[in-house]
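Survey of secondary and tertiary structure
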Amino acid sequence: MMEGASHIQTFALFGDDSELPDVVHVETIEARSRLHDWEFTPHRHGNLHQVLLLQSGGGEATLDGRALPLSDMKIINVPIGIVHGYRFDEGTRGHVVTLAAEVFDGSLRPSEGLAGILARPALIDAPEPIAETIRRIEAAFISRSFGRAQILRSLSGLLLGQIAQAMMETDDLAGPAATPPLLARFDHLIEQHYRSAWSVSDYARALAVTPTHLSRISRAATGRPASKRIEERLIREARRNLVYTNLPVSTIAYELGFDDPAYFSRVFSRATGLSPRAFRERAAA
């Protein structure tokens with residue numbers, strides 16, 4: 001972490017607090033690395049899943065505190081919320097594919113188990129089919145042709161499936177998923193009740209712990225209090241509805257347990273930097 005920093009910073013794209021309304025974002029490793037002297041201090045992404053393809057060069061990646069050497073033709077899987085940093089050798093070449101949380105969620109079926117695999121940070125070899133998929137994503141991302149968004153969604157699903165498959169076939173993972181049992185139960189309850197306007201106290205009562213203890217566990221594991229974890233799930237669902245449905249903002253608010261659409265808009269704007277209407281308009285641009 002940067003000397004003197006008091007907390008791990010959370011970014012959209014590194015050094016950029018803006019939202020990601022596009023289906024995916026693709027850029028070269030070198031384009032952003034040159035702006036940061038080829039080094040990125042430990043940080044996390046609150047609503048973004050990233051995949052890095054290191055084509056040539058080297059350096060070191062830090063994934064959840066574990067330092068891993070980088071070399072040619074490697075894939076780095078960086079799940080949402082995982083603390084990570086990089087030191088690239090000057091001239092390193094490759095690509096970074098960034099998926100918004102709602103695209104990541106929409107590409108996976110819970111019953112198939114891929115989400116659990118992809119929730120683990122990993123450094124694996126880059127087989128040619130994965131490299132080819134990333135090249136196809138880059139070409140579609142640059143294009144403005146008809147059907148672009150659908151092609152990007154489909155290719156993103158293919159990429160996630162390929163990476164999960166490759167991760168299952170290798171032991172070179174960056175460590176097991178380190179979710180404390182209480183936090184895993186909390187997340188399970190959030191999935192069941194996030195539309196019901198449950199408070200931290202409601203979740204704590206269901207888990208037979210105090211609200212203070214629940215927030216302490218959440219903050220220790222993720223850097224965020226329990227209330228933020230609940231809000232992030234609501235915002236993720238709101239983003240998904242704004243991008244993929246034509247539901248009025250007021251209907252989305254009511255379906256997510258908000259009694260007042262205006263209050264929902266304030267919460268969404270505080271979390272994303274955009275009003276629900278502005279977020280939808282940017283996503284459709």
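Being a predicted model, the structure only gives us computed values, none of them experimental.

1. What to know about the packing of aromatic side chains
Scanning all chains against the criterion turns up nine aromatic pairs. Taken together, a centroid distance of 5.2 Å and an interplanar angle of 15° make the contact between tyrosine 86 and phenylalanine 88 stacked. Through pairs of rings, three or more aromatic residues link up here, namely Phe258, Tyr263, Phe264, Phe268 and Phe279. When the ring centre of tyrosine 194 is taken as reference, the NZ or CZ atom of arginine 233 above it lies at 4.3 Å.

2. Describing helix H11 (residues 261-272)
Across its twelve residues, H11 extends 16 Å between first and last C-alpha, which sits within 8% of the 16 Å expected from 1.5 Å per residue. For H11, the full list of buried residues reads Pro261, Phe264, Val267, Phe268 and Thr272. Projected down its long axis, H11 shows its buried positions confined to an angular sector of 115°, all on one face. Opposite the packed face of H11, turned more than 90 degrees from it, sit the exposed residues Arg266 and Arg270. Against helix H9 (226-244), helix H10 (249-255) and helix H12 (276-284) lie the buried residues of H11. Sitting at the amino-terminal end of H11 is aspartate 260, which places a side-chain oxygen 3.0 Å from the backbone nitrogen of alanine 262.

3. Some details on the nonpolar core
Counting 31 residues, the largest nonpolar core has Val24, Ile75, Leu118, Ile134, Ile137, Leu159 and Ile163 as the members making the most contacts within it. Counting 27 residues, the second-largest nonpolar core is a separate cluster that includes Leu189, Leu207, Ile235 and Ala238.

4. Digging into unusual backbone geometry
Although it is not a glycine, aspartate 37 adopts a positive phi angle of roughly 55°. Tracing the sequence through the fold places aspartate 37 in the loop between helix H1 (29-33) and strand S3 (39-45). The phi torsion at alanine 208 lies on the positive side, around 60°, for a residue other than glycine. Looking at the secondary structure, you find alanine 208 in the loop between helix H7 (200-207) and helix H8 (211-222). What makes alanine 208 exposed here is its relative accessible area of 71%.

5. A look at the pairing of strand S9 (residues 93-100)
S9 sits mainly inside the fold: seven of its eight residues count as buried. Summarising the sheet, strand S2 (residues 24-28) and S9 pair through five bridges and their orientation is antiparallel. Along S9, the bridge assignment pairs valine 24 with leucine 99. As paired elements, strand S4 (residues 48-56) and S9 share eight bridges and run antiparallel to each other. Residue glutamine 50 lies in a different strand from S9, and its bridge partner there is threonine 98.

6. Digging into the pattern of salt bridges
One pass over the full model with this rule turns up 14 salt bridges. Two residues, glutamate 232 and arginine 224, come together in a salt bridge whose shortest N-O distance is 2.8 Å. When sorted by exposure, glutamate 232 lands in the same class as arginine 224, which is buried. One salt bridge connects arginine 270 with glutamate 231, and the closest N-O pair in it is separated by 2.9 Å. With arginine 270 in helix H11 and glutamate 231 in helix H9, this residue pair connects regions lying 39 residues apart in the sequence. You can call arginine 270 exposed: its relative accessible area is 55%. A residue is classified by how much of its surface remains accessible, and glutamate 231, at 16% relative accessible area, is buried. Taken together, the shared-partner salt bridges in this structure form one network comprising Glu191, Arg195, Arg233 and Glu237.

7. Quick notes on the sheet that holds S2
The strand order S2-S9-S4-S7-S10 describes an open sheet built from five strands, whose pairing is antiparallel. Bordering the open sheet on either side are S2 and strand S10 (122-125), each of which pairs with just one other strand. The average undirected angle you get between the axes of adjacent strands in this sheet is 15°. Sheet strands in contact with helix H5 (residues 148-168) are S2, S4, strand S7 (74-78), S9 and S10, and its direction is about 90° off that of S10.

8. With respect to the side chain of arginine 229
You can see arginine 229 is positioned in helix H9. Overall, the relative accessible area of 15% leaves arginine 229 in the buried class. What arginine 229 contacts, discounting residues up to four positions off in sequence, is Leu183, Phe186, Asp187, Ile190, Ser218, Thr222 and Arg224.

What counts, and where the lines are drawn
Residues numbered from 1 in each chain as written. Predicted model: local features only at pLDDT ≥ 70, side-chain atom pairs only at ≥ 80, totals over all residues. Heavy atoms only, no water. Phe/Tyr/Trp six-rings, centres within 6.5 Å; stacked < 30°, edge-to-face > 60°. Lys NZ or Arg CZ within 6 Å of the ring centre and 35° of its normal. Helix = DSSP H or I, 4+ residues; strand = E, 2+ residues; numbered from the N terminus. Expected span 1.5 Å × (residues − 1). Buried < 20%, exposed > 50% of the residue type's maximum accessible area, 1.4 Å probe, protein only. Arc of directions from axis to C-beta. Contact = heavy atoms within 4.5 Å. Polar contact = N/O pair within 3.5 Å; in protein donor to acceptor, adjacent residues only side chain to side chain. Core = buried A, V, L, I, M, F, W, Y, C linked by side-chain atoms within 4.5 Å. Pairing = 2+ DSSP bridges. Salt bridge = Lys/Arg side-chain N within 4 Å of Asp/Glu carboxyl O. Axes fitted to C-alpha atoms, helices over the stretch in contact; angles between N-to-C directions.

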